[in-house]
Every structure is written in structure tokens, then in C-alpha cells.
Amino acid sequence: MRAIFRSVLRKYRDASIFLKISVLFEVILIFSLSFFMLYTTHQFGSLLEEKELELAKNRIDDLSTFMQEEYNRVYSLGNYIHSGVISDIMSDIHQNESSAYDYNNIRQIQAFYSGVSYADEAISDVIFVSDRNNVYSYTRQASYEVNPSYPFFEKEEIKALLASDDNMFVFCDDPSEYCLRGRERVVSFAGKIFDASLYPRKVIVGLYMINIPLSCFDESLGTGIDTEKGSGEIVLANKQGEIIYANNSETAGTSLTDWEQQDKREVYSDARNLGLSGLSVHYRLSEETLYRVVDTMRKRMMIVLAAAILLTVFYTVKIMKIYQRRTAKILESMQELPKGNFTTRLPIESQDEIGRISDSFNLMCEQLNSYVERVYKAEIQRKNAEMNALQAQINPHFLYNTLESIKSKAVMNQDEDCAEMISILGSMFRWISPTGKKITTLDEELEYIRNYLRLQSYRYNQKLEICIQIEEEYLDYEVPKLILQPLVENVIHHALDGVERDKIIGIQVKKKDTGLEITVYDNGRGMTQERLDEINRKLQSSVEQDEFESIGLANVNQRLKLMFGQDYGVMIRSIEGLGTAVKIRVPAKEYEE
């Protein structure tokens, strides 16, 4: 074990400073977050216990008050039933069953229902059953009517009531047993109805049942934390020791003794008897239930802790890689010097060790700067000379084609139009005369193209339709001089050659991002997809002019790339038999002298 520890310590000592700092940071973070988690869960547990004890007392008070009020109200109704008209009706039915259908009796029972419904909204059902099993019922929701043929005197709870000396039982019941549809469970108050005329003898002539849904008991407890989230259990038990209500629905209907004997470590418990009714409220808060929320919180905090550690490890490794890349960049730059690359420079992002090394490297490279400058200027001069040579190729090539057009027109028609053509040609010659001016405005370039197309329209007997689409704000943008004429010339001598329909040449100008896109299109012969792919491949690879059938197209592409870089140049789209569109892209910049 000691040898392993020494080996790890040696590797740590020899590791990079970035790795050492990262490991130290992670250790401190883990200890800090672990201590914070333990302290927070302990404090949260104490606060939760205090809150639950206060909530327990409030719940006991709420449930006791609600149940006591309901019991007193039902008890009062029971006294009224024994001494009032309901007892007389049941006695009449006991003596003469046909009186069960007497209209006056039914009306008086309905009046009693109306009074009960108005007095207590919690009561959902009132049921009267004569000893001859004549059933009168009121249900707050008509769709849950009581089955009038149900044998209530055969019900186990009713048998127990009749066999006892008590006048009323309170128990948990499922009304779905005697209703026409399924319903939620209720707390049922079932009592005997005696013949008042035979008092003090207690002759049973019927019974009554008054139901209160369990949901009303839930509402009486208010909006506390439910059992699922960690509060204790509260139950309501009757005189017989049966749990008739519990906030945990699975407990309702079970024995109070069994509930009290469950093996649970209690943090707090309490019980309260409700007067002489025999009812009692019991509350129990177990340690398992109380700290269930704490355990959930602890698990979530462990997840957060793990996520925080993983996140910090991720970003620490990422930052470490940044510094490793900086050192790798220094090594790469040093390896470039023997290859003759003296323009390499290292960014100085800070004044740490890497920053000072980068500064020293840049100072060393600065001594070679004069040589690099001379090489750069020589390269610029070479490119300018190459562009001049490329531009010079256009003038004679264009001159020959134009003169051929004038000659053909003069031979065919001996027309005075030749004077106009020569005038146009003179204007064009003056504009393209060498002045050292390589950049012009788009307006001047388009004017030159219009003159050129006017000459060509003479050749094609005015069958050449010209369409130029451009917004006025783009007219002052700068373009290379004579950049469009080779494209238009290609259309005249290649795309439209042999086309019998009216010939169309269009120029469209649009601005896209930081570039100006100028498209020259026609309705000529077009080209096959294979030919189109071949030309675009050559344009992208910047092959020599000798490999192009169209010298003008290669000329324009090379000029644009030499002047503005590889992001600019020529792109072609074409559909065989429909036409071709040639697009050039130049920087969107207003012309300056």
C-alpha cells in the first residue's frame, strides 16, 4: 500500500501544473459541497419536524371540529325524527303498509329532505326504511339514486345496530352496494326510528341513514402536505373501534387496534375524544414518514453534487486543454521556422508563463520581418502584373469580334447604321483605353454593356431583347473594370448561337450578406449536366485558361479570385434547352476614387 501511495505521489509531483490545480480544485469542491449537503439536510429535517407538529395540531382541531358539528347536527335530526312527523309516518306504515304510498306522507318526507339539504351541504344522502322495507331516499345527485328494493335490514351494520342498545351507529360504508351506480365511500349515521305513541317503550318501526362523503372530511383538513409528501396519518374511529375515515384511503375500514399496533417508530402522536359520541380522532407521525422528504431531498442533493462535480471536471478539463493547445501552438510555430515560414506569430493572451514565451518568440520572428515584407510586396507586384496581363487579353479579343459584326452588317445591307455602330464602338474604345484604372462603378460598367449589346443587336436584326434589373442604390457600388463584357460575349457567341426564337439577355443585381451578386442569364441552348459539372469543377479548382473553351469565363474567374480572394468568383447554372445563368460575386462596397 505504501509503495502504491509513493507511486501516485511521484506521478502527481511530475504532472503538469494544470493537472495539479485541477485535482486540488476538485478535492476542495467535493468536501465543500458534501459539508453543505449534510448541514442543509439536518436543518431542513429540524424545520420539517417543527412544521409537521404544528400542522398535526391544526389537523386534529379541524377534523374534530368538523366531525363534532356533523354529529351534533345528525343527533338533533334523530331527535326530530323520533318526536316528529317522520316517526308518525313510519308508525302508520307499520300498522298499514298501504299508507306508505299516501301522497301527504310522501310530501312531508320530501319537505324534510329539503330542510336537511338546505341546512347542511355536506350531507349527500338521507334514507328512511320502514320495518316493512319501504324505502324513501334523497340523494343530492340524482344520477346516484338509491335502489328502492335493497334489503337494508339484511345489511350487517344494520343488524349490529338492531341487536345493540344504542340508538345510532356511525360507520364507514360503501353506498355502491345499495345505489344504482358506483360511488365514493361515505361516513354513514344509521339510527333507529321508534313509535312515539308507545314511549317509553321502544318499538322499532323503521330506521334512517344519513351519509357524508369522505371527500368532505378531506376538505375539512385544508391544504396541508398529503401523506405522499411526508405528513403524518390522521384517522377518525367510531365507538366500536373501527376506523371510519383516514387521510390514507387504504386505512379506512380497518381496526383502530391494528393501526395502533403497527411497528412504526413514532416522532409524535396524539388522540382526542369527541364528547359522548364515542368517536375519537387519532394522529401519528412516524419517523419514516417524517424523514421521507428529507431522504428524498438528500438523494436529490447527491444527484446535484454529482452533476456539479461532473460539470466542474468537464470545464476544468476543457480549460486545461485550452492551455495545452497554447503550448502546442508554440511548438507548432517553432517547427514552422525551419520551413522558411517567418510570418508566424503567437497571440499574447496574458502575461503568464505562456504569454511571456509567446512574446519572446514574436520578438525573435520580428527580426525576420524585413525579409518577409519584401517577399510580400514582390508577390503583390506579381499579382498586379498578372491581372494587367489578363485584362489586356480582353481588348483585342473583343475588338476582333466587334469589327467582324460591323463588317458583316456593312456587306449585307450597305446601311447607314454602320455610322451609328462605329460611333458606339468609338465610345467603347475610349472607355476601355488603358488608364491604370482597374475598378469602376457598376453604373459605368452597365453603360458599357448597353453599348456593347446595341452593337450586337444590329448583328441580330433587332431580335435581341435586353433586360437589366438593378436597384438604384447599387449603381455606385464598385466592380472590376470589364468584368461583365466577357460573360455577355459568351452569351452572344455560344449560348444564343443557332437559337431561332427571340433572344433574351438579362442582368440581375442583388446584395446578399456582405457580397454583391451579379447574374447574367439568357434563354439560349443551355448545356448538359455533365458539361455544367465539368465547368464548375474547373472554376472551383482554378485551372489554367488553356483548359477552358471560353477564355473570357476563366479570365473573369481568375481576376475575381486574385483581387478579392477565394470566396469570390464565378458560378454557373444551366438547363439544357432552356438557358444559362452565370453569377459573379464581388464585395459589396461603394466606389471611392
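Residues numbered from 1 in each chain as written. Predicted model: local features only at pLDDT ≥ 70, side-chain atom pairs only at ≥ 80, totals over all residues. Heavy atoms only, no water.

Draft legend 1. Just the overall build of the protein, in detail. Helix and strand counts for the protein come out as 15 helices and 16 strands. For the protein, with 593 residues in total, the buried portion stands at 41%. For the protein, the share of sequence-separated contacts (at least 6 apart) that also reach a separation of at least 24 residues comes to 65%. Summing over all exposed atoms, the protein offers an accessible surface of approximately 33,800 Å²; the carbon and sulfur share of this is 53%. (Helix = DSSP H or I, 4+ residues; strand = E, 2+ residues; numbered from the N terminus. Buried < 20%, exposed > 50% of the residue type's maximum accessible area, 1.4 Å probe, protein only. Contact = heavy atoms within 4.5 Å. Areas by Shrake-Rupley, 256 points an atom, 1.4 Å probe, with all protein chains shown as cover.)

Draft legend 2. Molecular detail of the pattern of salt bridges. With the rule as written, the count across this model stands at 15 salt bridges. Across the pair Asp-166 and Lys-239 runs a salt bridge whose closest N-O atoms are separated by 3.3 Å. In this pair, Asp-166 sits in the loop between helix H5 (156-163) and strand E3 (168-173) while Lys-239 sits in the loop between strand E6 (233-237) and strand E7 (243-246), placing the two residues 73 residues apart along the sequence. The class for Asp-166 is partly exposed, based on a relative accessible area of 23%. (Salt bridge = Lys/Arg side-chain N within 4 Å of Asp/Glu carboxyl O.)

Draft legend 3. Broad picture of the nonpolar core. Counting residues in each nonpolar core, the largest one holds 48 residues, and the members touching the most others are Met-67, Phe-112, Phe-128, Phe-189, Phe-217 and Leu-236. In this structure Phe-189 touches Met-67, Tyr-71, Val-74, Met-168, Phe-169, Val-170, Tyr-208, Met-209, Ile-210 and Ile-212, once residues within four positions along its chain are discounted. Leu-446, Leu-482, Ile-507 and Ile-518 belong to the second-largest nonpolar core, a separate cluster that totals 44 residues. (Core = buried A, V, L, I, M, F, W, Y, C linked by side-chain atoms within 4.5 Å.)

Draft legend 4. How the structure looks around the sheet that holds strand E13 (residues 503-512). Spatial ordering of the open sheet is given by E11-E13-E14-E16-E15, a layout of five strands whose pairing is mixed. Among the strands making up the open sheet, the edge pair consists of strand E11 (464-469) and strand E15 (569-575). When strand polarity is set aside, the average angle formed by the axes of neighbouring strands in this sheet is 15 degrees. Lying over the sheet, helix H13 (residues 485-495) contacts E11, E13, strand E14 (515-522) and strand E16 (579-587), oriented at roughly 20 degrees with respect to E14. (Pairing = 2+ DSSP bridges. Axes fitted to C-alpha atoms, helices over the stretch in contact; angles between N-to-C directions.)

Draft legend 5. Seen up close, the packing of aromatic side chains. As enumerated under the stated definition, the model contains twelve aromatic pairs in all. Aromatic pair Tyr-474 and Tyr-477: ring centres 5.6 Å apart, planes at 80 degrees, arrangement edge-to-face. The residues Tyr-474 and Tyr-477 share a single accessibility class, namely buried. Note on Phe-564 and Tyr-568: the rings are 5.9 Å apart at their centroids and 65 degrees apart in plane angle, and the pair reads as edge-to-face. By relative accessible area, Phe-564 is classed as partly exposed at 26%. Pairwise contacts between aromatic rings join Tyr-80, Phe-112, Tyr-113, Phe-128 and Tyr-138 into one cluster. The side chain of Arg-181 reaches across the aromatic face of Tyr-144, ending 5.0 Å from its centre. (Phe/Tyr/Trp six-rings, centres within 6.5 Å; stacked < 30°, edge-to-face > 60°. Lys NZ or Arg CZ within 6 Å of the ring centre and 35° of its normal.)

Draft legend 6. Inspection of the environment of Met-209 at higher detail. By secondary structure assignment, the location of Met-209 is in strand E5 (residues 204-213). Taking the C-alpha atoms as reference points, Met-209 and Ala-190, separated by 19 residues in sequence, lie 4.3 Å from one another. Not counting the four nearest positions on each side in its chain, Met-209 is found in contact with Asp-125, Val-126, Ile-127, Phe-152, Ile-158, Phe-171, Asp-173, Tyr-178, Ser-188, Phe-189 and Ala-190.

Nothing here speaks to function; it is all geometry.
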